[in-house]
Amino acid sequence: MFHIYCPYCEELREEEEFHPKGEAHIVRPKDPEACTDEEWGDYLFFRDNPRGIHHELWVHAVGCRKFFNVTRNTVTYEILETYKIGERPTVTAEHLAGGDKQGNVQVASGGQQTVGASGAAVASVKGERA
Amino acid sequence: MSKSLKQPNRLKEGGRIDRSRKLSFTFNGQRYQGHAGDTLASALLANGVDIVNRSFKYSRPRGIVAAGAEEPNALIQLGSTEAAQVPNVRATQQALFDGLVARSTNGWPNVQHDLMGWVGKVGGRFMPPGFYYKTFMAPASMWMTYEKYIRKSAGLGRSPMERDPDSYDHLNQHCDLLVIGAGPAGLAAALTAARSGARVILADEQEEMGGSLLDSRELVDNQPAAQWAERVLKELAGLDNVTLLARTTANGYHDHHFVTLHERRTEHLGETAPLVNGHRPSRSRMHRVRAGQVLLATGAHERPLVYGNNDLPGNLLAGAVSTYIRRYGVVPGHKLVLSTSNDYAYRAALDWLDAGREVVAIVDARPAPNGEWVEQARARGIRIIEGAAVLEAKGASRVNGARVATIDAGAFKVTGQAETLDCDTIASSGGYSPVIHLASHTGARPTWNEEILGFVPSLVKGVHAAGSARGIHDLAAGMADGVAMAAQALEALNRPVQAIELPQVEARREGAACALYQIPHEKPTLRAPKQFVDLQNDVTAAGIELATREGFESIEHVKRYTAMGFGTDQGKLGNINGMAIAARCLNRSIPEVGTTVFRPNYTPVTFGAIVGRHCRELFDPERYTALHQWHVENGAEFEDVGQWKRPWYFPQTVNGKKESMHEAVARECLAVREKVGILDASTLGKIDIQGPDAREFLNRVYTNKWLKLEVGRVRYGLMCKDDGMLMDDGTTSCLGENHFLMTTTTGGAAGVLEWLELWHQTEWPELDVTFTSVTDHWATMTVTGPEARKLLAEITDIDLDRSAFKFMDWREGNVAGVPARVFRISFTGELAYEINVQANYAMHVWKTLFEHGDKYGLTPYGTETMHVLRAEKGFIIAGQDSDGSVTPEDLGMQWAVGYDKPYSWIGKRALSRSDTRRTDRKQLVGLKPKDPTVVLEEGAQIVFDPDHAIPMPMVGHVTSSYYSPTLGSGFALAVVKGGHQRMGETVYLPMADGKTHAAEIVGTIFYDPKGERQNV
Amino acid sequence: MSDSTATRANVYDVRPKTEVPAESPLAWSYHTSGRPSVSQKSRVVLRERAMAGHMILRGGAIVLDEAVRGVLGFGLPARPNTLSLSDDGARSIQWLSPDEWLVIVPGGEEFTLERQLREALGDAHYAIVNVSGGQTLLELEGDKARELLMKSTPYDVHPDAFPVGKGVTTVFAKANLILRRPTETRWELVLRRSFADYCYRWLLDAGAEYAIGVEK
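Given the structure is predicted, the values throughout are model-derived calculations rather than measurements.

Rules and cut-offs
Residues numbered from 1 in each chain as written. Chains lettered and ligands numbered in written order. Predicted model: local features only at pLDDT ≥ 70, side-chain atom pairs only at ≥ 80, totals over all residues. Heavy atoms only, no water. Salt bridge = Lys/Arg side-chain N within 4 Å of Asp/Glu carboxyl O. Helix = DSSP H or I, 4+ residues; strand = E, 2+ residues; numbered from the N terminus. Buried < 20%, exposed > 50% of the residue type's maximum accessible area, 1.4 Å probe, protein only. Contact = heavy atoms within 4.5 Å. Buried area = accessible area lost by both parts, 1.4 Å probe. Nonpolar A, V, L, I, M, F, W, Y, C, P; charged D, E, K, R; others polar. Pairing = 2+ DSSP bridges. Axes fitted to C-alpha atoms, helices over the stretch in contact; angles between N-to-C directions. pLDDT = per-residue confidence, 0-100.

As a further point, take the pattern of salt bridges. Under the definition given, this model contains 101 salt bridges over all chains. A salt bridge links R290 of chain B to E14 of chain A, with the nearest nitrogen and oxygen atoms 2.6 Å apart. Here E14 of chain A lies in strand β2 (residues 11-14) and R290 of chain B lies in strand β15 (residues 284-296), a pairing that spans two chains. On the accessibility criterion, R290 of chain B (3% relative accessible area) is buried. Beyond isolated ion pairs, a larger network of salt bridges with shared partners links R47, R49, E139, E141, R180, R186, E188 and E215 of chain C.

Between chain B and chain A, the residue contacts involve 31 residues of the former and 30 residues of the latter. Interface area for chain B against chain A, summed over the two sides, is near 2,600 Å², with a carbon-plus-sulfur share of 44%. When residues of chain B are sorted by the area they lose upon contact with chain A, H256, E754 and R909 of chain B head the list and together hold 26% of the total. Put simply, chain B and chain A have 7 salt bridges between them. At the level of elements, β15 and α21 (749-763) of chain B are the ones that each hand at least two residues to the side of chain B that touches chain A. No other element matches the 8 residues that α21 of chain B contributes to the side of chain B that touches chain A. Here the residues of the side of chain B that touches chain A are counted per class, giving 10 nonpolar, 9 polar and 12 charged.

Strand-to-strand pairing in sheets goes through backbone hydrogen bonds, with the strands running parallel or antiparallel. All names here are of chain C. With antiparallel pairing, the 5 strands of this open sheet are ordered in space as β3-β4-β5-β2-β6. Of all the strands in the sheet, the pair left with one neighbour each is β3 (83-85) and β6 (126-130). The sheet shows a mean angle of 20° between the axes of neighbouring strands, direction not considered. Bridge analysis of β3 against strand β4 (residues 92-97) gives 3 bridges, and the strand direction is antiparallel. By the bridge assignment, L83 is partnered in β4 with Q94.

With that settled, consider the pairing of strand β2 (residues 30-36) of chain B. Residues and elements named next belong to chain B. Most of β2 sits out of view: 5 of its 7 residues are buried. Across 7 bridges, strand β1 (residues 18-27) lies against β2 in antiparallel orientation. What sits directly across from F25, in β2, is Y32. Remark: 2 residues form the turn of the hairpin made by β1 and β2, two consecutive strands paired antiparallel; N28 in that turn has positive phi of roughly 50°.

Below, the discussion takes up the confidence of the model for chain B. Residues and elements named next belong to chain B. On average, residues of chain B score 94 in pLDDT, and 95% of them reach the 70 mark or higher. Under a pLDDT of 50 for its full length, residues 1-5 has, in the predicted model, 1 contact with residues more than four places off or in other chains. Note on the complex model: pTM 0.92, ipTM 0.97.

Structural data, given as structure tokens:
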């Protein structure tokens, strides 16, 4: 049972009040019709499953009904930060890998999908909006 | 006179029991007497009961070994009646009450004469791990037969077969600091935190708080240690910021300091909760604690030594001997041999001597022990055999001797000639294992501490351990550690620390302990008398040795091969010994072998406490509409739709006989087709959408077009996920230029609202639009059938003329004097009006409709009739005819897809993927069974060729199937591969009973294909 | 009644002009589960404030605050998860989310209030939704009220964590509700209509050991 800080309610709430909604920062390509089938498939179906730092989308379903992001360590289940939609994480795997590296934390892609995604798909998906 | 006869092992004085209160109880049908303050275990020992159970696998006689949660043998079945049965209670944790009835959980036909005993004796050597499976597997078909008898003689306890008369509940707790364990470290920690003003919960699993202070030989402030505990507890009890929970076990440590505490509230009072003010309080309670910080002061479990026949009744832990003598005034035998690796265990011999009984010898594995208590024992004339250990216990149903010899523990060899000592009790101590279970639940791996010869907990952020729980066994040091760790926790909470003055404890010189686990025997382990490691699961040293020989090298594999530390035991006594033996066999060190993972629950938790009040009528929420009472009073049968209770059908009594569902549905269907019916449609999800960008938003989330929908009009829409698969459907009405009312399926309501919010909040925050659920605000009544207009006209001021109020229009006005919005939409294919009123007035409107409806044959109908009618029209149910893998095109609903809408709406791109363009996708079609009396089974698989060899290629399945009273036949909707191109073809449905049905693929609309009836 | 064709939103008085029987969401519950009477032993007392006007306000805090001050005479609560109350306590506004508030007023005031607010708000971006038929309000008092709540909700109801003036949407048994504490001694539960019976039965069951009574 997680204890999650809702950045809108500005307090910790019980996990029962929240729904997890998968990986955060999956941006819908701006021009879907211009995507190849492969690119569109990557956007729809491929997600990271890192051992370590993971950015997740949650919703405070029984509460303020706002969506927000959670940076969570999938090994320890520690929640390192929560932040509003439109904001960027301050704790990332890269940032941890660069400086004070945490034991056993695998460097993930900072929230962008990489597993199975082609370079073109990543390029088309990245950088649209946070 | 008779008293002492009845309790031969009860001391004349001493202990914390109330000798003025006698309690009688029965065990295995025999009546005994004990005292208030006894546990069942102490009372059994007082009465000289040696055998309390038969072992799990070998059916060996077993006695009480321990005095607390770690007891492996004395698992008993409680309860004088069927309803009161409770399995697998540890006799050491069950307070005695008057009239208690207990039985052994094992032993068939009884614990004294056990039929399976011969297997253990005769087959003993030949019952390695996996014995039952290896022996009884062939022929495989007979296992079921064997198993029945094996289970009868082995296994643990049984569940009650009658309804539990007690209730259970949960209490949600929050605190700054949760202290688990009220021994010396826990009390010192709780007091420190309490005086700082923090919200503190102190939980302890025993009947009485105080832990080791309650049976300590040591003095605190020059008084018996228990008095200090009483003083501290009195102060804590008087503080508002402190919650004391005795008889409360911390069972599970979950994420982010969420800890479940199981409080046994009335189990010490009787087998069912006694009445208090005419009410039975809950029997036990689960405290769901969210703590800021947690301090584990869970103490340590003494490790028994592993020697031959160490499971015979009369083998006890040294510490348990002291506990029974000092706390309960019970001395569990007459002639004691103590086998030890350390000083602390000497207290058992000293206590035994103080109790006036004989200590035959102390067998100390160390060459020259010289601690303070060793010297005391010497001074009192106890024989101390140095550098030696008990190799083997002798006896049949109780210890009657101990074979003792000098050993070389390091070389694992017996070095001297064995001598047999005459005794009836062997106490052993191999040291102390910190109770690290809860810390392990957090996922932190414990680390081996060579100094204390035990694993100490690793701690995640916010968890602290103090005292014995982290290997600080000395009393004064443990108390100081409690204060220090509480201060550490308070600092983490940013709270000022108020130091407490520690009591005076006399220092005691203690000699170093030696590492000792399995005692060597003259014979090799595999041939020596059984040396038990895990008594509860009947795991022996030989079993572990065999496991390592068979190639199981990982301790986790050894555990699973042997069952060591399984189930309710969770390795409390045996794990370290088992690891040490595995390490010896594998030629590794204990830290190299590592430990297994301890999992919740620490001790068994009754299902009642887990369930709490969420049972019976309160098992799950039942959602009711505003018309529920009418439905109940008019005999509705109900169907669960999500959490809603919806009328399924309304059986009537015809000629004194209640209609079957089939009859009722046929009558209801015909009433709608021929006259007029009414449905409570209030459960449909309703979302109020406002904002200048509402229309644009709808255009993006629905597949069809919304920009031109006029105020006063209604449109049906399909909603897809971005993979192009149908998610939900419903109608949306334009209430104002910037104002819409969306309806969703009953089951989809919450999901659709969250879906809209997801897209608005994460993708399109620039759109000015809001969504508010009004599902509960509006009650919805569908009046439908050829007579609907005439009926409604009688009670409304709305102009119902077909030119003024067209199909797919909505109007507002009064219905039965209540302001209403009326929508002309149809899910039956007939003329239909959906009346929405504020729910508080719904019953009045509904009843008024019935007052006027008689002459038109107004008939209430339920969801079953609704399904038949909509299916006859080919109207889909999202989630029934679709399953997340079906596109609008698969459903043949291209007419509801706006391919040329400028914005790439949700799902559009996916519809042009190669996979969604396949022509052999499963597509929705109608099925007409060749035999009109057949109603196909929903979910039945479809094949093209019934003569194909099994396995036949399955090409689809039936999604909806009913009998149509209008058509006079069965009919169905189904998905079939390439179905849209297969009209007129015959498909087959092979059934489980061997029959095969044939059906023709037809269009999905079975009734009124042109839609003339709804548009009148 | 309304002018749906002329305005952007359909503003709608859902209350009948004439006397029409109305049923609170708990009507069925009183019928089947009854109302245990309040006695000397009752350490928890339950009371329904039925048929009140419940409105949802959506929009920007600054604009809405000005409008409600003008119309109701008091403003929006300043902090998340708090309430503001009129001087007599009969009207309240509760923060539900950064752009959403719940207004509860005596029954019958809601339509006028909506009209006045819409007038005051003019062209601003906002939404007002009447949800009066979809929920009801229960008051809970007594020295065991807090313990009863602890049995029911994982939210911390200790006075340090739940001071007077607080209000939250949270889990209650297996349902959801809005929990508020308008005064030192009184708790309020805002129940959704369809879950009201379940919550009521839960309260009676969990409150039985405190001899819970229901005022009529």
